[in-house]
Amino acid sequence: MKKNIIIGSRGSILALAQTNLVKDNLQINYPNLTFEVKEIVTSGDKDLKSNWENSDVSLKSFFTKEIEQELLDGKIDIAVHSMKDMPAISPKGLICGAIPDREDARDVLVSKNGFLVTLPQGAKIGTSSLRRAMNLKAIRPDFEIKHLRGNIHTRLKKLETEDYDAIVLAAAGLKRTGLADKITEYLSGEAFPPAPAQGVLYIQCRENDEEIKNILKSIHNEDVAKVVEIEREFSKIFDGGCHTPMGCYSQINGDRIKFTAVYSDEGKQIRAIVEDDLAKGKEIAYMAAEEIKNKINKGTIQ
């Protein structure tokens, strides 16, 4: 068995925080091995000027392809990605070796001027996500949505120095980077469904690397994997991506799941709630999608 395991990661503060969480958990489980983090610069990291939100090219390849190539070339042994940024299928020769414990899936409000319902009329809210913009408008049509880009620290700085009343971010990113104290309000997952698989990590390895696959089993959470399968299938049904105004929120109670899904069509939100056995897996996603499509066809958008 290899004694030194190299874990590949993007060099952003959030990516490294996520990767170090994985590294620390693996180190606890395998104290006789050494785990080393290697920072890899991706195309997306090099090109800071492109308007990614309006690009027709998938963001996912910009932020993963260099890391995946190093994995295929044997330069690293493991890669850590955000699950919501990963395509449904890995490149040939690579697989998802583990899905660890999930961080808080919800979105949060970071505000200078109060909670979501108490913000002043016409408040300026920063986000680059069409899904978040649609969720905000559904709750407060008076909000002015202002475009906001950059990493977590950049966005927090812009809130302080520019003309924003509040911004919306993922709870997981703030928690993993030690910035949970910045959160003003946790937004209800049912009222404000997050992106599919938000807060979940995707641990990638080579398909033929049996030693690494066995090591990664120690941090795999099968319950999270079952939920993610449903959420990602729902995203796939609606061709989910960075430009798709859709989200979902899973609540687990024993062997049951309450799956809340939302899709925006022509500026209106369509919701579906499915409560059923978790064991039905992807069928849950199709049930929610069918309800949404029926509402669109019948014009019963709520």
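Just so it is clear, the structure is predicted and the values come from calculations on it, not from any experiment.

Caption draft 1: Spotlight on the overall build of the protein. Secondary structure assignment for the protein yields nine helices and 13 strands. Over its C-alpha atoms the protein spans a radius of gyration of 20 Å, differing by no more than 12% from the 19 Å that the globule rule assigns to 302 residues. For the protein, the spread of C-alpha atoms along the principal axes amounts to about 60 × 45 × 35 Å. Within the protein, the proportion of its 302 residues that are buried is 49%. Taking all contacts inside the protein whose residues are at least 6 apart in sequence as the whole, residues at least 24 apart take part in 67%. As presented, the protein carries roughly 14,500 Å² of accessible surface, and 48% of it is formed by carbon and sulfur atoms.

Caption draft 2: View of helix 1 (residues 13-29). With 17 residues, helix 1 extends 25 Å between its outermost C-alpha atoms, agreeing within 8% with the 24 Å of an ideal straight helix rising 1.5 Å per residue. The elements touched by buried residues of helix 1 are strand 1 (4-9), strand 2 (34-39), strand 3 (78-82), helix 6 (171-176), strand 10 (201-206) and helix 7 (210-216).

Caption draft 3: Quick look at the sheet that holds strand 10. Here we have five strands laid out as an open sheet, ordered 2-1-3-10-4, and mixed in their pairing. The outermost strands of the open sheet, each flanked by one partner alone, are strand 2 and strand 4 (94-98). Taken pair by pair, the neighbouring strands of this sheet meet at an average axis angle of 35 degrees, ignoring direction. Sheet topology places strand 4 next to strand 10; four bridges connect them, and they run antiparallel. The residue bridging Leu-94 from the neighbouring strand is Arg-206, located in strand 10. Together, strand 1, strand 2, strand 3 and strand 10 form the strand contacts of helix 1, whose direction differs from that of strand 2 by roughly 170 degrees.

Caption draft 4: Seen up close, the packing of aromatic side chains. A full pass over the atoms with the stated rule returns three aromatic pairs. Relative to Phe-259, the ring of Phe-234 has its centre 5.7 Å away and its plane inclined at 75 degrees; by these criteria the two rings are edge-to-face. Linking Phe-234 in helix 8 (residues 222-237) with Phe-259 in strand 12 (residues 256-265), this pair joins segments that are 25 residues apart in sequence. Through a chain of ring-to-ring contacts, three or more aromatic side chains come together here, namely Phe-234, Phe-238, Phe-259 and Tyr-263. The aromatic ring of Tyr-164 is capped on one face by Lys-146, whose charged end is 4.7 Å from the ring centroid.

Caption draft 5: View of the nonpolar core. Of all hydrophobic cores here, the largest spans 19 residues; its most connected members are Ile-230, Phe-234, Phe-259, Ala-261, Ala-288 and Ile-292. Looking at this core, the elements that each hand over two or more residues are helix 8, strand 11 (246-253), strand 12, strand 13 (268-277) and helix 9 (282-298). Broken down by element, this core gets its largest block of residues, five residues, from helix 9. Apart from residues no more than four positions distant in its own chain, Ile-230 is found in contact with Ile-257, Phe-259, Leu-278, Gly-281, Lys-282, Ile-284 and Ala-285.

Caption draft 6: Layout of the sheet that holds strand 5 (residues 107-111). Strand order in the open sheet formed by five strands is 7-6-8-5-9, and the pairing between neighbours is mixed. The two strands at the open ends of the sheet, each matched to only one other strand, are strand 7 (144-146) and strand 9 (185-186). As judged from the two bridges shared by strand 5 and strand 9, these two strands associate in the antiparallel manner. Following the sheet pairing, Leu-109 is matched in strand 9 by Glu-185. Contacting strand 5, strand 6 (124-126), strand 7 and strand 8 (166-170), helix 4 (residues 130-139) runs over the sheet at an angle of about 125 degrees to strand 8. In this fold helix 5 (residues 152-161) packs onto strand 5 and strand 8, with an angle of close to 165 degrees to the strand it touches most, strand 8.

Conventions we followed
- Residues numbered from 1 in each chain as written.
- Predicted model: local features only at pLDDT ≥ 70, side-chain atom pairs only at ≥ 80, totals over all residues.
- Heavy atoms only, no water.
- Helix = DSSP H or I, 4+ residues; strand = E, 2+ residues; numbered from the N terminus.
- Rg over C-alpha atoms; globule rule 2.2 N^0.38 Å.
- Buried < 20%, exposed > 50% of the residue type's maximum accessible area, 1.4 Å probe, protein only.
- Contact = heavy atoms within 4.5 Å.
- Areas by Shrake-Rupley, 256 points an atom, 1.4 Å probe, with all protein chains shown as cover.
- Expected span 1.5 Å × (residues − 1).
- Pairing = 2+ DSSP bridges.
- Axes fitted to C-alpha atoms, helices over the stretch in contact; angles between N-to-C directions.
- Phe/Tyr/Trp six-rings, centres within 6.5 Å; stacked < 30°, edge-to-face > 60°.
- Lys NZ or Arg CZ within 6 Å of the ring centre and 35° of its normal.
- Core = buried A, V, L, I, M, F, W, Y, C linked by side-chain atoms within 4.5 Å.

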